[in-house]
Amino acid sequence: MSNIHVQNDYDFNISSIGNVYEREPNPHWKYDRIVNHEAYIIAFCKDGEALYGINGKEISVKKGDLLFFPKGLVRSASSNPMNPWSFYTVAFDIQFLNENSQESLDRLDHVTRSPHLYRLPSLFAELNLVWSGKRSGFVIKCKSIIMDILYHLIKEQDRTIHGSAHYNAIEQTANLILSNYKNHFSIDELAKLADMSDSHFRLLFKKITGMTAIQYQNHIRINKAKDLLLSGECNVTEAALSVGFQDIYYFSRLFKKLTGANPSDYITG
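A brief report on the enclosed structure follows. (Residues numbered from 1 in each chain as written. Predicted model: local features only at pLDDT ≥ 70, side-chain atom pairs only at ≥ 80, totals over all residues. Heavy atoms only, no water.)

1. Notes on the packing of aromatic side chains
Short version of the rule: Centres within 6.5 Å are what make two rings of Phe, Tyr or Trp a pair, Trp counting through its six-membered ring; a difference in plane orientation under 30 degrees is then read as stacked, over 60 as edge-to-face, and the rest as tilted. Under the DSSP-based scheme used, a helix requires at least four consecutive residues in state H or I and a strand at least two consecutive residues in state E, with every element numbered from the N terminus. Exposure categories follow from relative accessible area, calculated using a 1.4 Å probe and restricted to protein chains: below 20% of the type maximum is buried, above 50% is exposed, and the middle band is partly exposed.
Applying the stated criterion across every chain yields a total of 21 aromatic pairs. When the ring of Phe-44 is compared with that of Phe-124, the centres are 5.4 Å apart and the planes differ by 15 degrees; the resulting orientation is stacked. A residue pair is termed long-range when its members are at least 10 positions apart, and Phe-44 in strand 3 (residues 40-47) and Phe-124 in helix 2 (residues 120-133) qualify at 80 residues. Overall, the relative accessible area of 1% leaves Phe-124 in the buried class. Plain terms: the ring middles of Phe-255 and Tyr-266 are 5.4 Å apart, the flat faces sit at 70 degrees to each other, and that makes the pair edge-to-face. Linking Phe-255 in helix 9 (residues 248-259) with Tyr-266 in the segment after helix 9, this pair joins segments that are 11 residues apart in sequence. Among the aromatic residues, those joined into a ring-pair cluster are Trp-29, Tyr-31, Tyr-52, Phe-69, Trp-85 and Phe-87.

2. A closer look at the sheet that holds strand 8 (residues 86-96)
Our working rule: Two strands qualify as a pair provided that DSSP identifies no fewer than 2 bridges between them. It only takes one pair of heavy atoms within 4.5 Å for two residues to be counted as in contact. Every angle, taken between N-to-C directions, lies between 0 and 180 degrees, and every axis is a line fitted to C-alpha atoms, over only the stretch in contact when it is a helix.
Ordered by their spatial adjacency, 5 strands build an open sheet running 1-8-3-6-9, and the pairing between neighbours is antiparallel. Of all the strands in the sheet, the pair left with one neighbour each is strand 1 (12-23) and strand 9 (111-112). Note that strand 6 (residues 66-69) and strand 9 share 2 bridges and pair antiparallel. Bridge pairing in strand 9 links Leu-67 to Val-111. Here helix 1 (residues 99-106) sits on the sheet and contacts strand 1, strand 3, strand 6 and strand 8; the angle it forms with strand 8, its principal contact strand, is near 160 degrees.

3. Focus: the pattern of salt bridges
Short version of the rule: Here a salt bridge means any side-chain nitrogen of Lys or Arg lying within 4 Å of a carboxyl oxygen belonging to Asp or Glu.
A complete count under the given rule lists 9 salt bridges for this structure. Two residues, Glu-156 and Arg-159, come together in a salt bridge whose shortest N-O distance is 3.0 Å. A residue pair is termed a helical-turn pair when its members lie 3 or 4 positions apart in one helix, as Glu-156 and Arg-159 do in helix 3 (residues 138-162) at 3 residues. Residue classification places Glu-156 among the buried positions, given a relative accessible area of 6%. Assessed through its relative accessible area of 14%, Arg-159 is described here as buried. Across the pair Lys-192 and Asp-188 runs a salt bridge whose closest N-O atoms are separated by 3.4 Å. Residue Lys-192 and its partner Asp-188 are located together in helix 5 (residues 187-193), separated by 4 residues, close to a single helical turn.

4. What to know about the side chain of Thr-112
Stated formally: For this analysis, a polar contact is any N or O atom pair within 3.5 Å, provided that within protein one partner can donate a hydrogen and the other can accept it, and provided that sequence-adjacent residues contribute only side-chain to side-chain pairs.
Mapped onto the secondary structure, Thr-112 falls in strand 9. Residue Thr-112 is classed as buried on the basis of its relative accessible area, which comes to 7%. Side chain to side chain, Thr-112 and Gln-157 meet in a polar contact 2.8 Å long. Discounting residues that sit within four places of it in the chain, Thr-112 has contacts with Gly-64, Asp-65, Leu-66, Leu-117, Leu-153, Glu-156 and Gln-157.

5. Quick word on the sheet that holds strand 4 (residues 49-54)
In space, the 4 strands of this open sheet follow the order 2-7-4-5, with antiparallel pairing throughout. Edge positions in the sheet fall to strand 2 (30-34) and strand 5 (57-62), since each of these pairs with one other strand and no more. Ignoring which end each strand starts from, the neighbouring axes of this sheet average 15 degrees apart. Across 6 bridges, strand 4 lies against strand 5 in antiparallel orientation. Bridging from a neighbouring strand, Ala-50 pairs with Val-61 of strand 5.

6. Describing helix 9
Cut-off, in case you're wondering: For a helix, the expected span equals 1.5 Å multiplied by the number of residues minus one. As used here, the arc is the angular range of directions from the helix axis to the C-beta atoms.
Over its 12 residues, helix 9 extends 16 Å from the first C-alpha to the last, a length consistent with the 16 Å expected when each residue adds 1.5 Å. Those residues of helix 9 lying buried are Phe-251, Leu-254, Phe-255, Leu-258 and Thr-259. Down the axis of helix 9, the sector holding all buried residues measures 110 degrees, keeping them to one side. What points out from helix 9, more than 90 degrees from its buried face, is the exposed set Tyr-249 and Arg-253. Buried residues along helix 9 sit against helix 7 (213-231) and helix 8 (236-242). With a side-chain oxygen lying 3.1 Å from the backbone nitrogen of Tyr-249, the N-terminal cap of helix 9 falls on Asp-247. Within two residues after helix 9, Gly-260 carries a phi angle of roughly 85 degrees, on the positive side.

7. Some thoughts on the environment of Thr-268
If you trace the backbone, Thr-268 turns up in the segment after helix 9. C-alpha of Thr-268 to C-alpha of Glu-233: the two residues are 35 residues apart in sequence and 9.3 Å apart in space. The contacts of Thr-268, once residues within four sequence positions are left out, are Leu-229, Leu-230 and Gly-232.

Read these as layout, nothing more, since geometry by itself doesn't imply function.
This is how it looks when you write it as structure tokens:
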């Protein structure tokens, strides 16, 4: 099987949705030491201000902030009576697909503030609209929007951990590889594009993606080839050439190394 470690710390599904609410401003809104053992909670501040007390710390919440509360978190909160907040709130449960996912998710910051979360107002508004309408297929759509919101939260936490400038540079080079997966980029080329030294680029790319840049390129190509083989439209040689491999024997060896199977095993029919 593959000896490439692909980051898989967030592998889960939304198993159920309890409720979706849009709260209007209320200067008297408050609660003391509330805890939810049955659901995860995400909320988004549309406007105004509130004050939260979590783990002995007071956290100010303002317009544009995203809140995330894992199960069992004790918290108190009150709206600013002079500028009461309005917000969306969502309660949902999760099915975790590996042992690391719950631990990773539960470690996320409870309040996230960033200009990169500019898509959240439209996502929460759409979620509230679809949930309220409850038309055919609404549960599927709502689950997909919640997953999208959580994806933005996870990406933003990663950006904060690694530093915005460095994270964006690595993201740009990873996207370049993905968009041009037939090309073979050297470390020197990628490091120059990221405006880093080779050694610094190697370190950050591995830290952020979980793979070296070479491993990432091979990972993308082999997965693209696997999809082509499963489509039934390509034989092994055609799939290899389509993803940038001229040496079919090398392609077959690498394919088996990364997937644990021969390319021909993925040919359907």
